[in-house]
Structures are given as structure tokens and as C-alpha cells.
Amino acid sequence: MEKFEKLQGIAAPMPLVNIDTDMIIPKVFLKSIQRTGFGKNLFDEMRYNRDGTEIADFVLNKPQYREASILVAGDNFGCGSSREHAPWAIADFGIKCVISTSFADIFFNNCFKNGILPIVLPQEQVDLLMKDAEKGANARMTVDLEAQEITSSDGDVIAFEVDAFKKHCLLNGLDDIGLTMEKAASIDAYEAKAGAERPWV
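Residues numbered from 1 in each chain as written. Predicted model: local features only at pLDDT ≥ 70, side-chain atom pairs only at ≥ 80, totals over all residues. Heavy atoms only, no water.

*Asks:* Looking at this model, I keep getting lost on the packing of aromatic side chains. Mind explaining?
*Replies:* This structure, assessed with the given rule, holds 7 aromatic pairs. With 6.0 Å between their ring centres and 35° between their planes, Phe-38 and Trp-88 make a pair best called tilted. With Phe-38 in the loop between helix H1 (21–24) and helix H2 (44–47) and Trp-88 in helix H3 (residues 85–93), the pair connects residues that are 50 residues apart, well separated along the chain. Residue classification places Trp-88 among the buried residues on the basis of a relative accessible area of 10%. Judged by centre distance (5.8 Å) and plane angle (45°), the ring pair of Phe-103 and Phe-108 falls under tilted. Accessibility expressed as a relative area gives 10% for Phe-103, which makes it buried. Grouped by ring-pair contacts, the aromatic residues Phe-77, Phe-103, Phe-107, Phe-108 and Phe-112 constitute a single cluster. A cation over an aromatic ring shows up here: Lys-166 above the ring of Phe-112, its NZ or CZ 5.8 Å from the ring centre. (Phe/Tyr/Trp six-rings, centres within 6.5 Å; stacked < 30°, edge-to-face > 60°. Helix = DSSP H or I, 4+ residues; strand = E, 2+ residues; numbered from the N terminus. Buried < 20%, exposed > 50% of the residue type's maximum accessible area, 1.4 Å probe, protein only. Lys NZ or Arg CZ within 6 Å of the ring centre and 35° of its normal.)

So this is what it looks like as C-alpha cells:
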């Protein structure tokens with residue numbers, strides 16, 4: 001998993017509340033267990049018409065937000081079913097940080113496992129960042145995970161909280177497999193000892 005240290009990028013405003021995982025990646029696209037290839041179908045039913053053409057006024061179709069790496073979203077983001085394809089699609093599009101007043105628990109935890117930083121802030125701070133994001137591509141935010149700070153394009157600094165263990169995993173690019181591999185030496189030593197003590201197994 002790619003390390004997350006400091007992110008500077010375009011923030012896209014998406015004030016809609018209760019964006020569920022079926023809106024993030026519709027169930028018709030859940031045919032693969034590979035983590036890549038879902039970005040083109042992120043928010044599919046909001047991004048495209050039935051004939052496949054783009055809906056021009058959808059935020060991620062606007063020229064100034066096509067390269068967005070931060071999403072400032074409405075309350076209760078990622079609710080609905082627990083599909084891990086939702087953070088896969090977000091990450092594959094190129095979004096590495098989602099800011100909201102609240103997230104569904106399973107989606108929140110799945111984000112950390114897939115290299116995405118979900119940040120919970122009070123409504124007034126989300127409103128400030130939403131307004132900043134509405135300025136477009138020239139207004140870039142900075143998210144510093146080590147310092148636990150967001151800096152708006154105007155220089156406003158907002159502190160955020162993050163679980164220490166989840167922070168460690170993101171800073172070091174550790175998913176569940178990576179965490180296990182950190183213990184590889186201990187696992188090998190145990191297996192060698194067990195093999196010597198119980199050679200018949």
C-alpha cells in the first residue's frame with residue numbers, strides 16, 4: 001500500500017448527505033475482486049447518462065475537478081452496504097482523502113485499509129473547507145497526516161484527530177498483509193521451532 005504522509009491537491013465539493021456505497025460504486029460493477037479498474041465507475045449513476053455520456057454538471061466531470069485528490073463530502077458518507085469496492089473505486093479514481101462530519105463505521109475502517117484518509121470534522125469546519133473547495137483547481141488544500149492538520153488555500157489551519165494505530169499504518173503504507181509481514185521473522189522462527197519439535201506434523 002502506498003504511504004500517506006502529506007497530500008497537496010485539488011479538493012472537490014460534494015455536499016450531498018447520505019451518499020451510500022451503492023452511489024459510490026453501483027452493484028452492477030461488483031464483478032471483480034481486483035482492487036483496480038473501478039475508478040471509471042465511481043459515482044457512475046451520477047456521472048453518466050444512460051447512453052454513457054458524461055453529465056456535465058456533476059462535480060467530478062467539471063474540468064477544474066477532474067484531477068481532485070480530496071473530497072469534501074456531506075454527512076454520513078459511505079453508508080449502506082459494507083462493500084469494500086467503494087474505497088477501491090475512490091482510490092482508483094485518485095482520491096486519497098475524504099473529509100466529512102461523519103462516516104459509516106465499516107466504510108471508515110475500510111478506507112484506512114486501502115490507503116485513504118477519512119477525516120471527521122465539526123460541521124462549521126467542513127463548511128469552511130467546502131467553501132474553499134468551491135473555488136476550483138486554483139485552490140489547493142494540504143493534508144498533513146504527521147502533523148494532523150489541514151491547510152486551506154487561504155492558509156486556515158484545521159487540526160484533526162486520527163487513531164494512532166491507523167495513522168501508523170497509513171504513514172508506513174501497511175495494509176493487513178503488510179502488518180502480518182512485519183512479523184515475518186517471528187513467524188518463521190515459530191514455524192522452525194514447531195517443525196523441530198513436531199517433525200511428524
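There's plenty left to go through after this.
*Asks:* Before we go on, may I ask you to explain the pattern of salt bridges in this structure?
*Replies:* Opposite charge on two side chains permits them to pair, given that their charged atoms come into close proximity. In the structure shown here, the tally under the stated rule is 6 salt bridges. A salt bridge links Lys-6 to Asp-144, with the nearest nitrogen and oxygen atoms 3.7 Å apart. With a gap of 138 residues between them, Lys-6 in strand S1 (residues 6–14) and Asp-144 in strand S5 (residues 140–144) connect regions that are remote in the sequence. We classify Lys-6 as exposed; its relative accessible area is 59%. Judged by relative accessible area, Asp-144 falls into the buried class, the value being 17%. With a shortest N-O distance of 2.5 Å, Asp-154 and Lys-135 are connected by a salt bridge. Here Asp-154 is found in the loop between strand S6 (149–151) and strand S7 (157–159), whereas its partner Lys-135 is found in the loop between helix H5 (123–133) and S5, with 19 residues between them in sequence. Look at Lys-135 and you get partly exposed, because its relative accessible area is 44%. What emerges from the salt-bridge pattern is a single network uniting Asp-132, Lys-135 and Asp-154. (Salt bridge = Lys/Arg side-chain N within 4 Å of Asp/Glu carboxyl O.)

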